[in-house]
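Residue-level structure breakdown
What follows is each chain in one-letter form.
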Amino acid sequence: MREFGRYVMFIGSLFVRRESFGTYYKLVLEECVQIGVNSAFLFILVSSFIGAVTTVQTAFNMVSPLIPRFVISQVVREMTVLELAPTVMALIYAGKIGSSMAGGIGTMRITEQIDALEVMGINSSSYLVLPKIIASMMMYPVLVIISGVCSLVGGYLIGQAIHIITPTEYVAGLRFAFNQQEIFVAVVKALVFAFLISSISSFKGYYTKGGALEVGIATTEAVTTSVIAILIADYFIVDLIL
Amino acid sequence: MIKIKDISKTFGDKMVLEGIDAEFEQGKTNLIIGSSGTGKSVLLKCIVGLIQPDQGLVFYDLRNFTEADKEMKSEIRREIGMLFQGGALFDSKNVEENVMFPLEVLTKMPLDEKRDRANDCLKRVGLENANKKAVSEISGGMKKRVGIARAIVNNPNYLFCDEPNSGLDPQTSILIDELIHEITHELNITTIVVTHDMNSVMGIGENIIFLYKGHKLWEGNSADITNSGVGELDDFVFANKVMSKMRGS
């Protein structure tokens, strides 16, 4: 609870003594490139393979001839939109971006770079962390949408390649009984997860004490705590909205 | 001028500073000396506000820094330049960008003006040709000089240096000391240097405070330090063989 209290106070500190809009604008753009553009390839690769594997495994499990083939792509769609794109990708995002944030800020702490900012009269938490959170909340939903599309395309391509499902059946399955609210849920999840990962990772890095070993520990803690927070938040979002 | 009154600080059960009073004069190189673990760096961090003292007050030209609100503290801090022990340069920026950084965040100067000012400061510390180098490409001594350039770029009224000579060879140490001393006189600023290097003490110490186990035991200048009559200070000063020989002669 004490740690949670510190986290809440840390979030509060981001919004006091802020720098000029221009300063944040530049930093947010830099973070967007770092977070979004540099992560896109990994997200496309992972989600395409997940979509392909989900298609193959669903087909493998559908042994009854009474079940139409288009159900395969319907299952892929449901899994992708509701869970694979926003949640599984969030776990990867925590591993890639969260660890990088915690490690970067932690290193700045132990090499006195954060002290240097404070001595200059700059609110170091706001200057370093707020752009990361804003950029995460801007870029992660975009990555989730890209992942969702790549996953469905991955499923489509593998379906054709190994003759599990025809293109017509696959598209029909994607469109069958589609509830648009699922997209809304996916975007809400993406926003919440982006906030949790970036803020928790920054928090862990910001309060690092000691040396290189402690930076490693902070990085591990950042990923672990982010993953737990994602899973808890995932349950509550689904429970509240769906 | 910086004045500190009755500064005390404990970490857990360990008392690190107890009842330190001192005055650091403008236009002079003020030194805080003592062996490792005597609380020098903690005192410096209490003065700049990186550590909150348990008790005591810090005044910057009669402005009460310790009890000031966040806005006031921020305002005073913008008049401070600080050289950290490891340089504390930003790895993501090159040398010129590091020096320009305080101007970028704290002023609305046009970019060309900021660049000129940064390069003037780099020239002042003898690094006019290193402005485009990455921080990882420069030596420890150069990092310290870049740190000094960054500290003075915003025309500070107060300059703090935490162990400016640590990890440097004797020649570079002297260069850094001279630079700090010259800048102090040139800009007529209040400079506080934390060090345990006797070369610095003898070379640039105009006002020296000796700390021992968290207490201030002696205050004076480099001319008086060898005959202070304080046993702990003598042990510190004459630990160095060259100084011991001086004592013998």
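Residues numbered from 1 in each chain as written. Chains lettered and ligands numbered in written order. Predicted model: local features only at pLDDT ≥ 70, side-chain atom pairs only at ≥ 80, totals over all residues.

Some points on the packing of helix 3 (residues 70-110) of chain A against helix 7 (residues 181-206) of chain A
To characterise two packed helices, one gives the angle between the axes of the helices and the distance between these axes. Residue and element names in this part refer to chain A. One way to put it is that helix 3 packs onto helix 7 with a least axis distance of 8 Å and a crossing angle of 20°. Taken together, the axes of helix 3 and helix 7 are roughly parallel relative to one another. Between helix 3 and helix 7 lies a crossing of right-handed hand. Counted by class, the contact of helix 3 with helix 7 contains 18 nonpolar, nine polar and four charged residues. (Axes fitted to C-alpha atoms, helices over the stretch in contact; angles between N-to-C directions. Helix = DSSP H or I, 4+ residues; strand = E, 2+ residues; numbered from the N terminus. Parallel < 35°, antiparallel > 145°, perpendicular 65-115°, else oblique. Left-handed = near helix turned anticlockwise from the far one by under 90°. Nonpolar A, V, L, I, M, F, W, Y, C, P; charged D, E, K, R; others polar.)

Comments concerning the sheet that holds strand 6 (residues 80-83) of chain B
Residues and elements named next belong to chain B. Read from one edge to the other, the open sheet built from six strands follows the order 6-7-8-3-9-10, with strand pairing classed as mixed. Among the strands making up the open sheet, the edge pair consists of strand 6 and strand 10 (215-220). Ignoring which end each strand starts from, the neighbouring axes of this sheet average 15° apart. Inspection of the sheet shows strand 9 (residues 207-212) paired to strand 10 by five bridges, in the antiparallel sense. Residue pairing in the sheet places Ile 208 in a bridge with Gly 220 of strand 10. Packed on one face of the sheet, helix 1 (residues 40-48) meets strand 3 (29-33), strand 6, strand 7 (158-162), strand 8 (190-195) and strand 9 and runs near 150° to strand 8. (Pairing = 2+ DSSP bridges. Contact = placed C-beta atoms within 7 Å.)

A closer look at the confidence of the model for chain A
Overall, the prediction assigns chain A a mean pLDDT of 91, with 100% of residues at 70 or greater. For chain A, helix 1 (residues 2-13) of chain A is the element with the lowest average pLDDT, namely 88, and helix 7 of chain A is the one with the highest, namely 94. (pLDDT = per-residue confidence, 0-100.)

A closer look at the interface of chain A and chain B
Across the boundary between the two partners, chain A contributes 13 residues, which contact 15 residues of chain B. The leading source of residues in the side of chain A that touches chain B is helix 4 (residues 113-119) of chain A, at five residues. Of the residues assigned to the side of chain A that touches chain B, the class counts are four nonpolar, four polar and five charged.

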